[in-house]
Amino acid sequence: MYWVAGFASSRSFVVDLGRNPSPSFGLCGSDERHLFYGYIVAVPVQDFGGIMSGLVSDSWWRKTLYITGGALLAAAAYLLHELLSIRKEQELDSKDAIILHQFSRPKNGVPSLSPFCLKMETYLRMVDLPYQNYFDGSLSSQGKMPWVEYNYEQVCGTEFIIDFLEEKLGVSLNKSLSAQEQALARAITTMVEEHFYWTIAYCQWVDNVQETQRMLDLPGPLSDLLKWILCQLTGGIVKREMYCHGIGCFTKEEVYTLMEKDMRTLATLLGDKKYIMGPKLSSVDATVFGHLAQAMWTLPGTRPEQLIKGELINLAMYCERIRRKFWPEWFVDLEDFCYDSDNDSSGTPTCLMDLGLFSRTDTLEESDLSLPSHSNTHSHDSDHSGRSLSDSDIEVDGSDVEQVKS
């Protein structure tokens, strides 16, 4: 008797050889739980009567086609098994230490393709709390990403993490905000995370998925195939959840229209202010930066990039201001600061270092915060007018350190 192996989602007439819940395909950045179940199965060939006899009698090219198809099926079953297998979690000691679990760094030098992961790590830097990154890809017990461990407590969901850290460690970016300003900040956060996020996710994982696939960093000889499978699965999840949300019922042009309205709203709210709520940082800045950074640095040639580096240049200056202040190791070529449709920006970027344990006050002198990162090795520190981009328009200083610690 001959047997073939394959992958199925039904239990009918199959022998269940293994079942594995997958890691979350939350690279798109959602805080929500996504599980994907499948089975590696074995089926007797004789149940498909006549296949083997037909294989013997068919011409050589048909035999080659059958053999190739079988090999591809076996390879797909193996890859899916590897993709869906659960990694064994390592024991971590989180006593008096913040451990941030998030997705691994992409290859283009951006800290994360997930707006929520970038939001959380930026917030930790804004409040100047040392933390340790953990890129194992494991989800929290609620199936969320990112999540943190502190003193053996696990907290997931960026909003709940911020509340938890404020309660446990007494840090806050919103002390200077009035009740009305805090309400406005929450309204902006909701717009960005519950509406604008989906339009960026659509551009990133559906309409511009080929570029996103090139940014992923997966090791191994079959990394290209694994990245393709991951992007296809993630894109399918994004489209399905956008439809459930309601925004996925619109056409591509309508989705981009909604995205443009959100970006224009943010540009109007920001105006010529240093941060969203005024001259001082607030937690909403971590949220807005985490999402706008995707348009700024991960979607080359797309409509979001054209808007933020063109007409809505104040948003680009805002992103650059925060990048310089809180991500000194994240180098960006300022020649690509403004959008130029004739300029090919496909050069290989500098990979972002994983500092692991980070504290801004431990790694930077206060006087260095007013200088652009890598100023001694890179000369692209001014715009086309010759004015330094670290001047008053994106000035960085030490005032926010006192704000957090006061």
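A.B. asks: Would you take a moment to explain the overall build of the protein chain for this structure?
C.D. replies: A tally of helices and strands in the protein chain yields 13 helices and 8 strands. With the model as given, the accessible surface of the protein chain reaches about 20000 Å², and the carbon-plus-sulfur share is 54%.

A.B. asks: Where do I start with the pairing of strand E4 (residues 98–101) in this structure?
C.D. replies: Moving residue by residue along a regular strand, the side chains alternate between the two faces of the sheet. Judged by which residues are buried, E4 turns out to be covered on both faces: Ile98 and Leu100 on one side and Ile99 and His101 on the other are all buried. Two elements, E4 and strand E5 (residues 131–134), share 4 bridges in a ladder whose sense is parallel. In the strand pairing of E5, Ile99 is matched with Gln132. In this view, the connection linking E4 to its parallel neighbour E5 by way of helix H3 (residues 115–126) has right-handed handedness.

A.B. asks: So what exactly am I meant to see when it comes to the confidence of the model for the protein chain here?
C.D. replies: A low pLDDT score tells you not to read the predicted coordinates there in detail. A residue-level look at the protein chain finds 61% of positions with pLDDT of 70 or above and a mean pLDDT of 73. Counting interchain partners and residues more than four positions distant, the pLDDT-below-50 stretch residues 1–26 has 76 contacts. Counting contacts from residues 85–90, a segment whose pLDDT is below 50, to residues more than four positions away or on other chains yields 8 contacts.

A.B. asks: Is there a simple way to explain the side chain of Asp285 in this structure?
C.D. replies: Position of Asp285 relative to the elements: it lies in helix H9 (residues 283–297). For Asp285, which is buried and forms no salt bridge, the nearest opposite charge comes from Arg321, at a distance of 7.7 Å. A distance of 3.0 Å separates the side chain of Asp285 from the backbone nitrogen of Ile276, its partner in a polar contact. At 2.9 Å, the side chain of Asp285 and the backbone nitrogen of Ser282 are in polar contact.

A.B. asks: Which parts of the structure should I look at to understand the nonpolar core?
C.D. replies: A general trend in soluble globular proteins is that nonpolar side chains are found buried together. Ranked by size, the top nonpolar core spans 75 residues in total, and within it Tyr123, Leu165, Val288, Phe289, Leu292, Trp297 and Tyr318 carry the most contacts. Residue contributions to this core peak at 11 residues, all from helix H5 (residues 179–207). With 6 residues, the next largest nonpolar core counts Cys117, Met145, Trp147 and Cys156 among its residues.

A.B. asks: Which parts of the structure should I look at to understand the pattern of salt bridges?
C.D. replies: Pairs may arise between side chains of opposite charge once their charged atoms sit close together. A complete count under the given rule lists 15 salt bridges for this structure. One salt bridge in this structure joins Glu193 and Lys119, with 2.5 Å as the shortest N-O distance. Here Glu193 is found in helix H5, whereas its partner Lys119 is found in helix H3, with 74 residues between them in sequence. The buried category is assigned to Glu193, whose relative accessible area is 11%. Given the relative accessible area of 3%, Lys119 is considered buried. Across the pair Glu311 and Arg264 runs a salt bridge whose closest N-O atoms are separated by 2.6 Å. You can see Glu311 sitting in the loop between helix H10 (303–308) and helix H11 (313–326) and its partner Arg264 sitting in helix H8 (residues 252–270), a full 47 residues away along the chain. Through salt bridges with shared partners, one network takes in Arg105, Glu121, Arg125 and Glu329.

A.B. asks: So what exactly am I meant to see when it comes to the packing of H5 against H8 here?
C.D. replies: Each pair of packed helices gets described by two things: the angle between the helix axes and the distance between those axes. Contact geometry of H5 with H8 gives a least axis separation of 10 Å together with a crossing angle of 135°. With respect to each other, H5 and H8 are oriented oblique. Crossing of H5 over H8 shows left-handed handedness. Where H5 approaches H8, its residues Ile188, Met191, Val192, His195, Phe196, Thr199, Tyr202, Cys203 and Asp207 are matched on the opposing element by Lys252, Val255, Tyr256, Leu258, Met259, Asp262, Met263, Thr265, Leu266 and Leu269. A per-class count over the contact of H5 with H8 returns 13 nonpolar, 3 polar and 3 charged.

A.B. asks: Looking at this model, I keep getting lost on H11. Mind explaining?
C.D. replies: One turn of the α-helix equals 3.6 residues, which is why residues spaced by three or four share an orientation. Here H11 is 14 residues long and its end C-alpha atoms lie 20 Å apart, about the 20 Å a rise of 1.5 Å per residue gives. The element H11 is largely enclosed, with a buried count of 12 among its 14 residues.

A.B. asks: In this structure, what is going on with unusual backbone geometry? I would like to understand it.
C.D. replies: The general pattern is negative phi for most residues beyond glycine and trans for most peptide bonds. Cis geometry is found at the peptide bond from Met145 to Pro146, where omega equals 5°. With a phi angle near 60°, Asp128 is a residue other than glycine that sits in the positive phi range. With respect to the helices, strands and loops of the structure, Asp128 is situated in the loop between H3 and E5. Overall, Asp128 belongs to the buried group, its relative accessible area being 10%. The phi dihedral of Asn151 falls on the positive side, at around 50°, and the residue is not glycine. Note on placement: Asn151 falls in the loop between strand E6 (147–150) and strand E7 (153–156). What makes Asn151 partly exposed here is its relative accessible area of 28%.

A.B. asks: Help me out: how do you make sense of the packing of aromatic side chains in this one?
C.D. replies: Between two aromatic rings, the relevant description is the distance of the centres plus the angle of the planes. Considering all chains together, one arrives at 8 aromatic pairs under this definition. Their ring planes at 65° and their centres at 4.9 Å tell us that Tyr197 and Trp198 sit as a pair that is edge-to-face. In this pair, the class of Tyr197 matches that of Trp198, namely buried. Of the aromatic side chains, those joined through ring pairs into one cluster are Phe289, Trp297, Trp327 and Trp330. The ring of Trp327 has Arg125 sitting right over it, with the charged end atom 3.7 Å from the ring centre.

A.B. asks: Got a minute to help me understand H5 in this structure?
C.D. replies: Look at H5: 40 Å from first C-alpha to last across 29 residues, which is about the 42 Å you get at 1.5 Å a residue. At Phe196, H5 shows its largest bend, some 40°.

How each quantity is defined
- Residues numbered from 1 in each chain as written.
- Predicted model: local features only at pLDDT ≥ 70, side-chain atom pairs only at ≥ 80, totals over all residues.
- Heavy atoms only, no water.
- Helix = DSSP H or I, 4+ residues; strand = E, 2+ residues; numbered from the N terminus.
- Areas by Shrake-Rupley, 256 points an atom, 1.4 Å probe, with all protein chains shown as cover.
- Buried < 20%, exposed > 50% of the residue type's maximum accessible area, 1.4 Å probe, protein only.
- Pairing = 2+ DSSP bridges.
- Right-handed = clockwise from strand over helix to strand, strands pointing away.
- pLDDT = per-residue confidence, 0-100.
- Contact = heavy atoms within 4.5 Å.
- Lys, Arg positive; Asp, Glu negative; His and termini not counted.
- Salt bridge = Lys/Arg side-chain N within 4 Å of Asp/Glu carboxyl O.
- Polar contact = N/O pair within 3.5 Å; in protein donor to acceptor, adjacent residues only side chain to side chain.
- Core = buried A, V, L, I, M, F, W, Y, C linked by side-chain atoms within 4.5 Å.
- Axes fitted to C-alpha atoms, helices over the stretch in contact; angles between N-to-C directions.
- Parallel < 35°, antiparallel > 145°, perpendicular 65-115°, else oblique.
- Left-handed = near helix turned anticlockwise from the far one by under 90°.
- Nonpolar A, V, L, I, M, F, W, Y, C, P; charged D, E, K, R; others polar.
- Expected span 1.5 Å × (residues − 1).
- Phe/Tyr/Trp six-rings, centres within 6.5 Å; stacked < 30°, edge-to-face > 60°.
- Lys NZ or Arg CZ within 6 Å of the ring centre and 35° of its normal.
- Bend = angle between axes of the 7 residues up to and from the residue.

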